[in-house]
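Structure at a glance
These are the residues of each chain, in order.
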Amino acid sequence: MQNIITRETGNFKLRKPEIIGISLLGAAFLGVTVAKAGFTVASGLAALPFILIYVVMVFRNPVLGYYTAIIFGFTLLGLSRYVRGVPMGIFIDAMLVLTLIAVIFRRFPERADFKPLNKDIMFLATIWFLYGLLEFANPMMASVPAFIQGFRGLVLKTFLCVPLTLWLLTTQDRIKTFFYIWGIISLMATLKGGIQDNIGVDPWEQGWLDRGGDVTHVLFGKLRIFSFYSDAGQFGANQAYTAVLFSIMSLKAATKRDKIFFIIVALAGFYGMFISGTRGSMGVIGGFAMYFIHKKNIPILITGFIAAMAVFVFFRFTTIGNEVYAIKRMRSAFDPNDASLQVRLANQRRLSSYMATRPIGGSLGHGGVKARKFLPNAYLSNVATDSWYVLIWVEMGAVGLSMHLFILFYTLVKGSQIIMFKIRDQVLWHQMSGLASGLLGIMVANYGNAVMGSHPTALVSYTSLALLLNAAVIDKGIRKNLRNKTMKAKFLIRKKATI
């Protein structure tokens, strides 16, 4: 056994010539890199060891990668205002792909367990993926970069999120962690939005507004709050989604701490929706109707219907609160003669005749103003789509839109059937009802804005689809664990009684 006094410690090992030489060479290399390529590249090289360590951690515990992807979905697009020229969205895709690889090869050389993917939502996601690939052969496809961008947004994320959710979010603890990540970042988003509303934007955000963001985010001299999300529409819709989900979850939480946290997040979500100045978020609030249906309680259903009618009458037939900008703007969503609505309807009429002879659309990434980057003179890139459904119709045709709507409504109906008749655990019941209600609201909001096409709504919506159709399996697992704990407790009691 080596004497503890003569044994070399880490400090002595660092004094070895070879270690010192490597350190000096590394420092010199970073110095030259900073001088030649800039600080950003040098920072990336310096971070490489930490990235490798993180990759190893993801392969050991793949759910960490999925949680990271969710966090990226909430934050990275907004960071593009501070770090320009970096395609932030690619990091989200890369994290999803890394996590998928980690799940498949975690037990290498053993074969991965594909049984959890034997679900109808996985079948639907695969059909959607294959149809998206076929769009590459669309005769109207004129730009490969445009197709890749559209494929990533409309098709790939669904195909990645669904299996990862079925594989990884299968226990109450993991689902709870998912909700806590969602809730904490939503609280931060509302805080940031409140700062923008009451203090103002920072220099980087002002620069983004000056470069064209003000066209859609400064209306009548009033800023539409966007927080650290990609835009105000995404901020408002997601905060409304959060408000619906966490309000319902707060009705039956596992602990008092959870209940208090859910209530705080829900209130913050309502406030964020209010200051966003986004009319589409009103549709998300309509998702509460799904919860009333799930309760299968006629008095509650009637009360909810009366409350919804009261809100409609307030906005449609009164002028109360018009001195408050947010109320006045939301009220315009109920005006059939609203100028913005008329422009949208006119654009849809223009597209209708053009799309009549194109049942598979104009190909992915080729529709709406976002396509001008690749196809500045194309007809479809010079007509605003606005609506998520119009965008899918334009890019994937009536066939693609029908398929997409079928997936959404099938999930909503099947998920509701599972909630109403199969889930016994009341905490899980309220979680799934909240997801279904929020998803219905997003589906309504999609008519006015393409909220499901961007983050964070995209990731949480696709995750919701898989969770809803896997809820019965999750519920069985919860009850099995409860039975095991009960049997263990009884065994310990009997053991103590015999001592």
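Residues numbered from 1 in each chain as written. Predicted model: local features only at pLDDT ≥ 70, side-chain atom pairs only at ≥ 80, totals over all residues. Heavy atoms only, no water.

1. Focus on the overall build of the chain
Counting its regular elements, the chain contains 20 helices and 2 strands. The buried share of the chain, reckoned over its 499 residues, is 47%. Within the chain, counting contacts between residues at least 6 apart in sequence, those at least 24 apart form 75% of the total. Carbon and sulfur atoms provide 69% of the accessible area of the chain, an area that totals close to 25400 Å². (Helix = DSSP H or I, 4+ residues; strand = E, 2+ residues; numbered from the N terminus. Buried < 20%, exposed > 50% of the residue type's maximum accessible area, 1.4 Å probe, protein only. Contact = heavy atoms within 4.5 Å. Areas by Shrake-Rupley, 256 points an atom, 1.4 Å probe, with all protein chains shown as cover.)

2. A few points about the packing of helix α8 (residues 172–198) against helix α10 (residues 232–249)
For the pair α8 and α10, interaxial distance at closest approach is 11 Å and the crossing angle is 130°. With respect to their mutual orientation, α8 and α10 come out oblique. The two elements α8 and α10 meet at a crossing, and its hand is left-handed. Seen from α8, the contacting residues are Phe179, Trp182, Gly183, Ser186, Ala189, Thr190 and Gly193; seen from α10, they are Phe235, Asn238, Gln239, Tyr241, Thr242, Leu245, Phe246 and Met249. Residues that form the contact of α8 with α10 fall into these classes: 8 nonpolar, 7 polar and no charged. (Axes fitted to C-alpha atoms, helices over the stretch in contact; angles between N-to-C directions. Parallel < 35°, antiparallel > 145°, perpendicular 65-115°, else oblique. Left-handed = near helix turned anticlockwise from the far one by under 90°. Nonpolar A, V, L, I, M, F, W, Y, C, P; charged D, E, K, R; others polar.)

3. Details of the packing of aromatic side chains
Each aromatic ring pair is summarised here by two numbers: the centre-to-centre distance and the angle between the ring planes. Applying the stated criterion across every chain yields a total of 20 aromatic pairs. When the centroid spacing of 6.1 Å and the interplanar angle of 55° are considered together, the rings of Phe261 and Phe262 count as tilted. Relative accessible area serves as the criterion here: at 14%, Phe261 is assigned to the buried category. An aromatic cluster is built from Phe178, Phe179, Tyr180, Trp182, Tyr241, Phe246, Phe261 and Phe262, whose rings are joined through pairwise contacts. (Phe/Tyr/Trp six-rings, centres within 6.5 Å; stacked < 30°, edge-to-face > 60°.)

4. Some details on the confidence of the model for the chain
Detailed conclusions should not be drawn from predicted coordinates in areas where pLDDT is low. For the chain, the average pLDDT comes to 78, and 76% of its residues sit at 70 or higher. Note on residues 1–15: pLDDT under 50 across the span, and 8 contacts to partners over four residues away in sequence or across chains. (pLDDT = per-residue confidence, 0-100.)

5. Considerations on the pattern of salt bridges
In this structure the tally under the stated criterion is 6 salt bridges. A salt bridge links Lys414 to Asp120, with the nearest nitrogen and oxygen atoms 2.8 Å apart. Of this pair, Lys414 sits in helix α17 (residues 388–421) while Asp120 sits in helix α6 (residues 120–134), placing them 294 residues apart in sequence. On the basis of relative accessible area, Asp120 is assigned to the partly exposed category, the value being 22%. In this structure, Lys176 and Asp258 form a salt bridge, with 3.0 Å as the shortest nitrogen-oxygen distance. Within this pair, whereas Lys176 is found in helix α8, its partner Asp258 is found in helix α11 (residues 256–276), the two being separated by 82 residues in sequence. Judged by relative accessible area, Asp258 falls into the buried class, the value being 2%. One connected set of salt bridges, linked through shared partners, spans Asp93, Arg152 and Lys157. (Salt bridge = Lys/Arg side-chain N within 4 Å of Asp/Glu carboxyl O.)

6. A look at the packing of α17 against helix α19 (residues 457–469)
Where α17 meets α19, the closest approach of the two axes is 8 Å, and the angle between their N-to-C directions is 35°. For the pair α17 and α19, the sense of crossing is left-handed. The segment α17 lies against α19, with Trp388, Leu408, Tyr410, Thr411, Lys414, Gly415, Ile418 and Ile419 engaging Tyr462, Leu465, Leu468 and Leu469. Here the contact of α17 with α19 is composed, by residue class, of 9 nonpolar, 2 polar and 1 charged.

7. Comments concerning the nonpolar core
In terms of nonpolar packing, the biggest core is built from 120 residues, with Leu96, Phe178, Phe179, Trp182, Phe246, Met432 and Leu435 touching the most fellow members. Take this core: its biggest share by element is 15 residues, from α17. (Core = buried A, V, L, I, M, F, W, Y, C linked by side-chain atoms within 4.5 Å.)

8. Focus on α11
A turn of α-helix holds 3.6 residues, and therefore any two residues three or four places apart point the same way. Compared with an ideal rise of 1.5 Å per residue, which puts 21 residues at 30 Å, α11 spans 30 Å between its outermost C-alpha atoms and is within 8% of the ideal. Every buried residue belonging to α11 is among Asp258, Phe261, Phe262, Val265, Ala266, Ala268, Gly269, Gly272, Met273, Ile275 and Ser276, and all of these are buried. Of the residues flanking the end of α11, it is Gly277, one or two places downstream, whose phi is positive at about 70°. (Expected span 1.5 Å × (residues − 1).)

9. Re α8
Here α8 is 27 residues long and its end C-alpha atoms lie 38 Å apart, about the 39 Å a rise of 1.5 Å per residue gives. A positive phi of about 130° marks Gly200, the residue just after α8.

10. Thoughts on the side chain of Ser454
Along the chain, Ser454 falls in the loop between α18 (426–445) and α19. Its relative accessible area of 18% is what places Ser454 among the buried residues. Apart from residues no more than four positions distant in its own chain, Ser454 is found in contact with Leu77, Ser230 and Gln234.

11. Describing unusual backbone geometry
Omega for the peptide link from His455 to Pro456 comes to 5°, which places this bond in the cis form. Positionally, Pro456 belongs in the loop between α18 and α19. The backbone of Ser363 sits at a positive phi, close to 90°, despite the residue not being glycine. Checked against the element boundaries, Ser363 lands in the loop between α16 (339–355) and α17.

12. Some thoughts on the environment of Ile225
By the element assignment, Ile225 lies in the loop between β2 (222–223) and α10. Separated by 50 residues in the primary sequence, Ile225 and Ile275 have C-alpha atoms spaced 6.2 Å apart. Excluding its chain neighbours within four sequence positions, the residues that come into contact with Ile225 are Gly193, Gln196, Asp197, Ala232, Phe235, Ile275 and Ser276.

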